[in-house]
Amino acid sequence: MSAIQDWAAIEPTVAPHVEPDLKVSFLGLLYDRTTIDGVVTRLLARPSEAPFASVVTPNAAHLSRIDGDPSRYAAPYRNAWLCLNDSRVVEILGRTCGVAIEAAPGSDLVAALLSDPRLERDSRILLVGGDKTLFEDLKAKAGLTGALHYEAPMGLATNENALAETVAYIETHPARFVLLAVGSPQQEFIAEALRSGGRATGVGLCVGAAVEFLTDRRRRAPGWMSRSGLEWLFRLVSEPRRMWRRYLVDSPAVLRLYLRHILR
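Reference entry: report on the structure contained in this document. This structure is a prediction, so every number in the text was calculated from the model and none was measured.

**Focus: the overall build of the protein chain**
- Counting its regular elements, the protein chain contains 15 helices and eight strands.
- Sorting the 264 residues of the protein chain into buried and exposed places 52% on the buried side.
- On the protein chain, roughly 12400 Å² of surface is accessible, and the fraction owed to carbon and sulfur atoms is 54%.

This is how it looks when you write it as structure tokens:
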């Protein structure tokens, strides 16, 4: 079985089909309700020369950050072409309120896109973030022949010059798909700068650690843990020093938004 087939055979964690154009508002964001397959179809149908558009995948920590400082963090999500829920916890919270907001994890999205037979292997795909080894592993595993890599500088969230350099590189190296894998909120800042600048083309996917999962640099939670809303626990146990703040401080703060929603 090829690497591409391996990805395609990953146990599905997405929900049954829902209307792809239906949007739903929950905890301060307007989400697109769709399946991974539906998103991939829309991505592949979009002309590569079309003006830049972004796909964001907010999780519980993102929602808390936006609520804490909306003027700084909200725009990339509200101006995105597609906003997909990347949190099983948010999905569960929505269900208790009668809000259907199925999770469509960014890692599943990237795996599905790169394994789709409709994607030409010589498509221009730009990986922003990661090191050279990660890029070479991605090319080999996905069979990509037209891919590019930009090893983005550190401090993108606070260094305006570094952010501007990254945006300029993407603008001058047009790609059909730009995998923004520099973590949040850096990747969303880049996406919004590209959109508002009006010079870039293609689609930017804010995917965090998705490429690291696909190339086996990091282990992903088993399917049963993901479906049960326990992927956060797996990641916390696997990388406690890196993940403790996200899962023990930032993500639980989403409960404040949830209680506010209920009281309304």
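So, next bit.
**Remarks on helix α10 (residues 186–197)**
- Taking 1.5 Å of rise per residue, the 12 residues of α10 would be expected to cover 16 Å, and the 16 Å separating its terminal C-alpha atoms lies within 8% of that figure.
- Those residues of α10 not exposed but buried are Gln186, Gln187, Glu188, Phe189, Ile190, Ala191, Glu192 and Leu194.
- Within two residues after α10, glycine 198 carries a phi angle of roughly 75°, on the positive side.

**Focus on the nonpolar core**
- Counting residues in hydrophobic clusters, the biggest one holds 41 residues, and the most contacted among them are Phe26 and Tyr31.
- When residues in this core are grouped by element, the largest group, five residues, is from helix α9 (residues 160–172).
- With sequence-adjacent residues up to four places away left out, phenylalanine 26 is seen in contact with Tyr31, Val90, Leu93, Gly94, Cys97, Val99, Ile101, Tyr258 and His261.
- Counting residues in each nonpolar core, the second largest holds 33 residues, with Leu44, Leu84, Ala112 and Phe135 among its members.

**Concerning unusual backbone geometry**
- Here the bond from serine 184 into proline 185 is cis, since omega is 10°, no more than 30 degrees from zero.
- Structurally, proline 185 is set in the loop between β7 (177–180) and α10.

**Comments concerning the environment of arginine 46**
- Its place among the elements puts arginine 46 in the loop between α2 (36–45) and β3 (53–56).
- For arginine 46, a relative accessible area of 17% translates into the label buried.
- It is 8.3 Å that separates the C-alpha atoms of arginine 46 and glycine 202, two residues lying 156 residues apart in sequence.
- Setting aside residues up to four positions removed in sequence, arginine 46 forms contacts with Pro51, Phe52, Ala53, Trp81, Arg176, Gly202 and Val203.
- Within polar-contact distance, the side chain of arginine 46 engages the backbone oxygen of proline 51 at 2.7 Å.

Definitions and limits used
Per-chain numbering applies: the sequence of each chain, read as written, is numbered from 1 onward. Two thresholds apply to this predicted model, a pLDDT of at least 70 for residue-level local features and 80 or more for giving and counting side-chain atom pairs, whereas whole-chain, interface and lining totals are computed over all residues. Heavy atoms from the whole structure form the basis of all side-chain values; hydrogens and water molecules are not counted. Strands are runs of DSSP state E lasting at least 2 residues, helices are runs of H or I lasting at least 4, and numbering of each runs from the N terminus. For every residue, the accessible area (1.4 Å probe, protein chains only) is compared with the maximum for its type, and the residue is labelled buried under 20%, exposed over 50%, or partly exposed between those bounds. For every accessible area listed, the method is Shrake-Rupley and the probe measures 1.4 Å; residues are considered covered only by the protein chains on display. To estimate how far a helix should reach, multiply one less than its number of residues by 1.5 Å. Among the buried residues, those of types Ala, Val, Leu, Ile, Met, Phe, Trp, Tyr and Cys that are joined through side-chain atoms within 4.5 Å form a nonpolar core. The criterion used for residue contact is that any of the two residues' heavy atoms lie within 4.5 Å. We define a polar contact as two N or O atoms separated by no more than 3.5 Å, with the added condition that, inside protein, one atom must be a possible hydrogen donor and the other a possible acceptor, whereas residues neighbouring each other in sequence contribute only through side-chain atom pairs.

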